[in-house]
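Residues per chain, in single letters:
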Amino acid sequence: MHFFCISENMINSTFVLSEQREVIANSSAVKSLVSVLEALKNSQSPLLFYGEKGSGRCFFAKYLHKCSQNCDSVFMRLNCKTLSVDFLTELLETKPGMLHFDEIDESSAELQIFLLENIEKYSCRFSFSSEKNLEDLVDDGSFSRGFFNLISNLPVNVPPLRQRKEDIEDLSNMFLQIFSKKYNKHFTGFSDEALNLLKNSFWSGNFLEFSSCIENACFNAPPPVIEREHLRLNSLNILPVSDNLNDSDKSLKSAVDRFKKQYILQILNEVRWNQTEAAKVLGIQRTYLSRLIKELQIK
């Protein structure tokens, strides 16, 4: 039997993704990710999955395990917020095939030290995930430098849903099939307007938000087609009106600067001020983003 332990706040997303037998990889971002995982599938080195909450870090860790030569062994996901050294020690004695430590940035100093000193004693494979930049935590002293060096040799970046536009249609239909079955309704698909909205929404909550949106539409909408209004996402792409529209400087440059500042601040907040990730979302160099933050006095 394969055990798939999940933290309470990830139940919905993980349940749905577990029904997806194949990775949907029409987008270049996921194609690249799959290529990396295929190359690493039989390595025993620890892996560190970076990505936003709900982006599928654990799903891809499990995909890696399924592709490996040890695919028949047990895969376990562990919630680092509540994981104790005593429990982990007992668990390791059962000789699992792969342990995935979710939110390793939330782990205790005791757990980090234990893993640093003992990880090479066990034959199972170890993978870790974090939505935070661990280097920043090392710099501020809240994360072990030695442990970081041990687990960060093979970092894997999981793209957020907004960078997977080419996958949205297939993902939408997959979720539609799942929730149609759940609510005993026969949906044939989405209107063009609904699909465009799904493709162009920001999805700050990634699959947690995405699956919830489609489930709500399936529950409330009449078959056979999900229309744009059933998604209730009209406000997602609308930026809030600037509080500075009444500023005395009415020049176009000032208006553009105000918009830039507002939009960049929104993206930075979405990615928890990870400037590298924000630069990717904005499609600009990180050095240019740093300059804009300084010039526009973004705080």
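Reading the values: the criteria
Residues numbered from 1 in each chain as written. Predicted model: local features only at pLDDT ≥ 70, side-chain atom pairs only at ≥ 80, totals over all residues. Heavy atoms only, no water. Helix = DSSP H or I, 4+ residues; strand = E, 2+ residues; numbered from the N terminus. Expected span 1.5 Å × (residues − 1). Buried < 20%, exposed > 50% of the residue type's maximum accessible area, 1.4 Å probe, protein only. Arc of directions from axis to C-beta. Contact = heavy atoms within 4.5 Å. Phe/Tyr/Trp six-rings, centres within 6.5 Å; stacked < 30°, edge-to-face > 60°. Pairing = 2+ DSSP bridges. Axes fitted to C-alpha atoms, helices over the stretch in contact; angles between N-to-C directions. 1 Å grid on protein atoms, 1.4 Å probe; cavity = no way out; pocket = protein on both sides within 12 Å on 5 of 7 lines; lining within 4 Å. Points joined across faces, edges and corners; volume = space filled by probe spheres on them. Parallel < 35°, antiparallel > 145°, perpendicular 65-115°, else oblique. Nonpolar A, V, L, I, M, F, W, Y, C, P; charged D, E, K, R; others polar. Core = buried A, V, L, I, M, F, W, Y, C linked by side-chain atoms within 4.5 Å. Patch = residues over 30% accessible without salt bridge, like charges linked within 9 Å, V, L, I, M, F, W, Y side chains within 5 Å. Areas by Shrake-Rupley, 256 points an atom, 1.4 Å probe, with all protein chains shown as cover. Salt bridge = Lys/Arg side-chain N within 4 Å of Asp/Glu carboxyl O. Lys, Arg positive; Asp, Glu negative; His and termini not counted. Charge placed at Lys NZ, Arg CZ, Asp CG, Glu CD.

**Some remarks on helix 2 (residues 28-40)**
For helix 2, with 13 residues, the first-to-last C-alpha span of 19 Å sits near the 18 Å given by 1.5 Å per residue. The set of residues buried in helix 2 consists of Val30, Leu33, Val34, Leu37 and Leu40. Across the axial projection of helix 2, the buried residues extend over an arc of 130 degrees, all falling on one side. The outward face of helix 2, more than 90 degrees from its buried face, is lined by the exposed residues Ser28 and Ala39. Contact partners of the buried residues in helix 2: strand 1 (47-50), helix 3 (57-67), strand 4 (125-130), strand 5 (155-157) and helix 8 (165-182).

**A word on the packing of aromatic side chains**
Across all of its chains, the model carries 11 aromatic pairs by this definition. With centroids separated by 6.1 Å and ring planes inclined at 20 degrees, the aromatic side chains of phenylalanine 101 and phenylalanine 126 adopt a geometry described as stacked. Of this pair, phenylalanine 101 sits in strand 3 (residues 98-102) while phenylalanine 126 is found in strand 4, placing the two residues 25 residues apart along the sequence. Per residue, the accessibility class of phenylalanine 101 equals that of phenylalanine 126, and both read buried. Both rings, one in phenylalanine 175 and one in phenylalanine 210, keep their centres 5.5 Å apart while their planes meet at 70 degrees; by these two values the pair is edge-to-face. Placement of the pair is phenylalanine 175 in helix 8 and phenylalanine 210 in helix 10 (residues 206-220), with a sequence separation of 35 residues. Using a relative accessible area of 1% as the deciding quantity, one classes phenylalanine 175 as buried. Here phenylalanine 210 falls in the buried class, since its relative accessible area comes to 0%. Taken together, the ring pairs in this structure connect Phe101, Phe126, Phe128, Phe143 and Phe147 into an aromatic cluster.

**A look at the sheet that holds strand 5**
On the basis of which strands lie adjacent, the open sheet formed by 5 strands has the order 2-3-4-1-5 and parallel pairing. Each end of this open sheet is capped by a strand with a single partner; those strands are strand 2 (75-79) and strand 5. Taking each pair of neighbouring strands and ignoring which way they run, the sheet shows an average axis angle of 20 degrees.

**A look at the layout of surface pockets**
Taken as a whole, the largest pocket spans an internal volume of roughly 550 Å³. Around the largest pocket, the lining comprises 26 residues; the ones closest to its centre are Tyr50, Gly51, Asn157, Glu277 and Lys280. Ranked by residues supplied to the lining of the largest pocket, first place goes to helix 2 with 4 residues.

**A word on the packing of helix 4 (residues 85-92) against helix 5 (residues 109-118)**
The contact between helix 4 and helix 5 brings their axes to 10 Å, and the two run at 30 degrees. By the criterion of interaxial angle, the relationship of helix 4 to helix 5 is roughly parallel. Side by side, helix 4 and helix 5 meet where Val85, Leu88, Thr89 and Leu92 of the first sit next to Glu110, Leu111, Phe114 and Leu115 of the second. Among the residues making up the contact of helix 4 with helix 5, the classes are represented as 6 nonpolar, 1 polar and 1 charged.

**A word on unusual backbone geometry**
Across the chain, the bulk of peptide bonds are trans and the bulk of non-glycine residues have phi less than zero. Of note, the bond from proline 223 into proline 224 is cis; its omega dihedral lies within 30 degrees of zero at 15 degrees. For proline 224, the position within the fold is in the loop between helix 10 and strand 7 (225-226). Although it is not a glycine, glutamate 103 sits at a positive phi angle of roughly 55 degrees. Mapping glutamate 103 onto the fold places it in the loop between strand 3 and helix 5.

**A look at the nonpolar core**
Ranked by internal contacts, the top residues of the largest apolar core, which has 28 residues, are Leu88, Leu99, Phe101 and Phe128. Those elements giving two or more residues to this core turn out to be strand 1, strand 2, helix 4, strand 3, helix 5, strand 4, helix 6 (134-139) and helix 7 (145-151). In contact with leucine 88, not counting residues within four places along its chain, are Leu78, Leu83, Leu99, Phe101, Leu111, Phe114 and Leu115. Phe175, Cys213, Ala217 and Cys218 belong to the second-largest nonpolar core, a separate cluster that totals 26 residues.

**Let's talk about a negative patch on the surface**
Negative charge collects at one region of the surface, where Glu169, Asp170, Asp192, Glu193 and Glu229 lie side by side. Counting only elements with at least two residues in the negative patch, the list comes to helix 8 and helix 9 (192-200). Residue position: aspartate 170 is located in helix 8. What makes aspartate 170 partly exposed here is its relative accessible area of 37%.

**Focus on the environment of leucine 91**
Among the structural elements, leucine 91 can be located in helix 4. For leucine 91, a relative accessible area of 6% gives the class buried. Here the alpha-carbon distance between leucine 91 and methionine 76, two residues 15 residues apart in the chain, equals 9.8 Å.

**Focus: empty space enclosed by the protein**
For the structure shown, the criterion picks out 2 cavities of 30 Å³ or more. By volume, the second largest cavity is sized at about 50 Å³. Residue composition of the lining of the second largest cavity, grouped by class: 1 nonpolar, 8 polar and 2 charged.

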